[in-house]
Amino acid sequence: MRKGVMRPGHVQIRVMDIEEAVIHYRDRLGLIDVGRDAQGRAYLKGWTEVDRFSVVLREADEPGMDFMGFKVVSSEVLEQRKQDLLRYGCQVEVIPAGELDGCGERVRFDSPTGHYFELYAEKEQTGKWGVSENNPEAWPEDLKGMRANRFDHCLLYGDDIDGTAELLQSVLGFQVSEQVVDREAGELCVASFLACSMKAHDVALVRYPAKGKFHHASFYLDTWGDVLRAADLISMHDIALDIGPTRHGLTHGQTIYFFDPSGNRNEVFTGGDYTYPDHPVVIWDAHQLGKAIFYHDRELNENFLNVVT
Amino acid sequence: MKFSVSLGDEGSSFHCGEQQNLLEGMQTFQVGVPLLKLIPVGCRGGGCGVCRIRILSGEFETKKMSRKHVSDQEQAEGVALACRVYPRSDLCIELLSSAENDNNHSERESL
Ligand code: FES
Ligand SMILES: [Fe+2]
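Conventions adopted
Residues numbered from 1 in each chain as written. Chains lettered and ligands numbered in written order. Predicted model: local features only at pLDDT ≥ 70, side-chain atom pairs only at ≥ 80, totals over all residues. Heavy atoms only, no water. Pairing = 2+ DSSP bridges. Helix = DSSP H or I, 4+ residues; strand = E, 2+ residues; numbered from the N terminus. Axes fitted to C-alpha atoms, helices over the stretch in contact; angles between N-to-C directions. 1 Å grid on protein atoms, 1.4 Å probe; cavity = no way out; pocket = protein on both sides within 12 Å on 5 of 7 lines; lining within 4 Å. Points joined across faces, edges and corners; volume = space filled by probe spheres on them. Nonpolar A, V, L, I, M, F, W, Y, C, P; charged D, E, K, R; others polar. pLDDT = per-residue confidence, 0-100. Contact = heavy atoms within 4.5 Å.

Considerations on the sheet that holds strand β5 (residues 79-81) of chain B
All names here are of chain B.
Consideration 1: Pairing is mixed in the open sheet, where 5 strands are placed in the order β2-β1-β7-β3-β5. Both edges of this open sheet fall to β2 (13-17) and β5, since each of them pairs with a single strand only. Averaged over all pairs of adjacent strands, the angle between strand axes in this sheet comes to 40°, irrespective of strand direction.

Here it is, written out as structure tokens:
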């Protein structure tokens with residue numbers, strides 16, 4: 001049952017060199033640069049996103065993800081979910097409005113996999129970038145690089161993915177859309193894909209021995225042609241390619257993976273399945289994991305399992 | 001200017017230009033034969049730690065490396081991430097297991 005959690009709203013990513021990172025996210029992915037804050041963090045967004053920002057880059061000694069935030073429908077829902085999280089036993093911290101420029105109060109909580117998530121109800125709405133709200137044209141002409149539409153989801157690696165999946169479902173109303181299950185290991189869940197919307201997934205979890213790992217942040221493109229064009233840009237700019245262009249079995253999205261200059265993985269993708277509340281969970285068998293992850297190669301690439309920040 | 005990079009006991013080596021990091025040097029060493037896989041290749045950005053090595057001898061420069069995988073003290077002892085190392089002389093290196101990577105620095109960055 002949905003609980004007023006609408007969509008992924010932001011992700012704060014640690015990078016080792018902020019200027020290099022801004023060039024990558026702005027000029028290569030094609031996100032819109034919306035400025036810096038007093039701490040020197042850089043704010044960006046996909047051009048179709050109505051809120052002021054969705055990606056925050058913070059310079060640090062090690063890459064990875066600081067937190068992922070979800071927008072809820074109202075301040076009342078924010079307060080209710082905060083109480084629910086406290087009752088569930090989460091460590092909850094309230095971050096005052098304005099700590100992120102243009103963002104209202106955030107409710108940050110810890111999870112069994114060691115990832116920090118946040119909820120918030122308000123963020124300055126600056127509208128889609130480069131098109132008007134009335135009679136909007138199809139797209140703005142002066143987009144850069146891959147012309148990423150929006151921040152779409154994150155894939156996170158951690159140990160107790162059952163715990164985090166349960167928290168997201170029972171407290172925040174997420175729905176499991178797809179799972180990878182190892183039947184030979186007593187129905188062990190190896191991966192869980194969860195949606196709070198009707199997308200194929202809004203956040204995904206993969207089992208891994210260490211806590212709090214970041215596998216990738218993903219951005220949506222319009223077409224398969226745009227995914228191929230992204231692959232061209234990756235070659236033109238000698239960006240570290242991971243794998244693709246290809247299709248995932250899980251969610252069936254068409255995709256390419258690559259790395260930012262600090263080694264954080266990015267994905268751009270298009271297409272994919274959808275999730276209505278009455279949809280049964282799609283199950284992939286762990287022995288078909290190769291095909292589940294890379295539908296064409298059908299072979300597990302070791303880097304997919306081991307390379308994380 | 002190209003330098004030779006040799007791996008500890010295994011007797012294997014490759015050449016690496018001074019503008020190249022060790023992984024780039026390794027991957028472009030021999031044209032037309034399968035890429036050398038002496039050092040594991042991951043993110044190529046100094047973030048994931050899979051290319052962790054120890055430099056036993058030689059001069060080099062490094063770009064910023066994730067502190068999760070190379071502490072200050074380790075860096076002083078010659079531990080480095082091959083994708084961030086630029087040779088300034090011939091080098092002798094050894095691989096460090098990725099198991100060691102995980103055990104050493106698994107604590108989470110606090111916010
Ligand atoms: S390949 Fe990831 S740190 Fe070198
Ligand atoms: Fe993804």
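Quick look at the layout of surface pockets
Consideration 1: In this structure, the largest pocket encloses a volume near 660 Å³.
Consideration 2: Lining the largest pocket are 25 residues; nearest its centre among them are A:D238, A:I239, A:A240, B:E24 and B:R44.
Consideration 3: For the lining of the largest pocket, the secondary structure elements donating two or more residues are α1 (18-28) of chain A together with α1 (22-27) of chain B.
Consideration 4: Considering only residue class, the lining of the largest pocket consists of 11 nonpolar, 6 polar and 8 charged.

Quick look at the confidence of the model for chain B
Residue and element names in this part refer to chain B.
Consideration 1: Chain-level pLDDT for chain B is 86 on average; 79% of the residues reach the 70-or-more range.
Consideration 2: Every residue in residues 99-106 is under pLDDT 50, and counting partners more than four places away or in other chains gives 13 contacts.
Consideration 3: Taken over the whole predicted complex, pTM reads 0.95, whereas the ipTM for its chain interfaces reads 0.91.

Some words on the pairing of strand β7 (residues 91-95) of chain B
Residue and element names in this part refer to chain B.
Consideration 1: Note that strand β1 (residues 2-7) and β7 share 3 bridges and pair parallel. Counterpart to S6 in the pairing with β7 is C92.
Consideration 2: In the sheet, strand β3 (residues 52-57) pairs with β7 via 4 bridges, with the strands oriented antiparallel. Along β7, the bridge assignment pairs R54 with E94.

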